[in-house]
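# Coordinate inspection notes
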Amino acid sequence: PGTGVASEAAAAAGVVGNAKLKRKHSEVSAEGASPPEVGDMVFGHVCRANVDRGFSFVDAKDMGIQEDIFVNAVCAPPECLSIGDHVGFKLHRNKWGKPQGAAPLWKAVGCNGEAGRPTFGKFAGQITRLSEDGGGIVDCPIVNTELGELFVSPKAMMSCGLKQLDVIAFNL
C-alpha cells in the first residue's frame, strides 16, 4: 500500500482525539470561490526547496492562493521534501500578511521497499477503517491510548491518495 506522512499527530487534515478540524469553505477552487482563510487546510505541491536556508515553497493555486506559500523548517524540514511532493497543512499568515504553512504538514509518499515504513515522523499508524464520510481511522496504539482515535479527514484522504491499510507517520 501507499504511504501518507504527517509531521504531527494532530493530522492537519483531520481529527485527533475526536476534535474535528473543519474547513470554512467545503470545496475551494480557483474558479471564483473564496480562497482559504487562516486555519483552513491547504493542499498543493512543493515548487521550491532550499535545504541550506531551511525553507520551502508550496504552489496551491488550485486552492485559490495565487502566491507560493512559505514553509519553514519548523513546519517541515526541507530535506524531507522534494519538488513535486503533494502536501497539506493549515494556512497561516506571517506578520506581513504573506501565506505560510503551519504544522502539522502532511506529505503523500510511497514506501521505498527497503524499510517498508516511512521515516518522516516519530509515530506510525495504519488506516484500519473508513468512516461513512470517507475519512480514515488510524490505529496507532501508543497515541490512541493517550489521545483516543486519530481521524484523517475525507479531503486529506482524497488529496493525498490515502486508502484503507495505508500507513502514515507523524510527530506530536
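These remarks concern the structure in this document. Fair warning: this is a prediction, and the values are worked out from it, not measured in the lab.

## Considering the packing of aromatic side chains
Given two aromatic rings, their pairing is described by the distance between the two centres and the angle made by the two planes. Scanning all chains against the criterion turns up three aromatic pairs. A centroid spacing of 5.5 Å and a plane angle of 35° characterise the contact between Phe55 and Phe70, whose relative ring orientation is tilted. In this pair, Phe55 is assigned in strand 5 (residues 55-59) and Phe70 in strand 6 (residues 69-72), connecting sequence segments 15 residues apart. Centroid distance Phe57 to Phe70: 5.6 Å. Interplanar angle 70°. Geometry classified as edge-to-face. Residue Phe57 is found in strand 5, and its partner Phe70 is found in strand 6; the two are separated by 13 residues along the sequence. Classification of Phe57 by relative accessible area gives buried; the value is 17%. The rings of Phe55, Phe57 and Phe70 are connected pair by pair, giving a single aromatic cluster.

## A word on the environment of Asp166
The topology assignment puts Asp166 in the loop between helix 2 (154-159) and strand 12 (167-170). Sequence separation of Asp166 and Ile127 is 39 residues, and the distance between their C-alpha atoms is 5.6 Å.

Rules and cut-offs
- Within each chain, residues carry numbers counting from 1 in the order of the written sequence.
- Restriction of local features to residues with pLDDT of at least 70 applies here, the model being predicted, together with a cutoff of 80 or more for giving and counting side-chain atom pairs; totals for whole chains, interfaces and linings are based on all residues.
- Only hydrogens and water are set aside when side-chain values are computed; all heavy atoms of the structure are taken into account.
- Each pair of aromatic rings taken from Phe, Tyr and Trp, with Trp reduced to its six-membered ring, is defined by centres within 6.5 Å and is described as stacked if the planes are under 30 degrees apart, edge-to-face if over 60, and tilted in the remaining cases.
- Helical segments are the DSSP runs of H or I of at least four residues, strand segments are the runs of E of at least two, and each set is numbered from the N terminus.
- For every residue, the accessible area (1.4 Å probe, protein chains only) is compared with the maximum for its type, and the residue is labelled buried under 20%, exposed over 50%, or partly exposed between those bounds.

In short, shape yes, function no, at least from these values alone.
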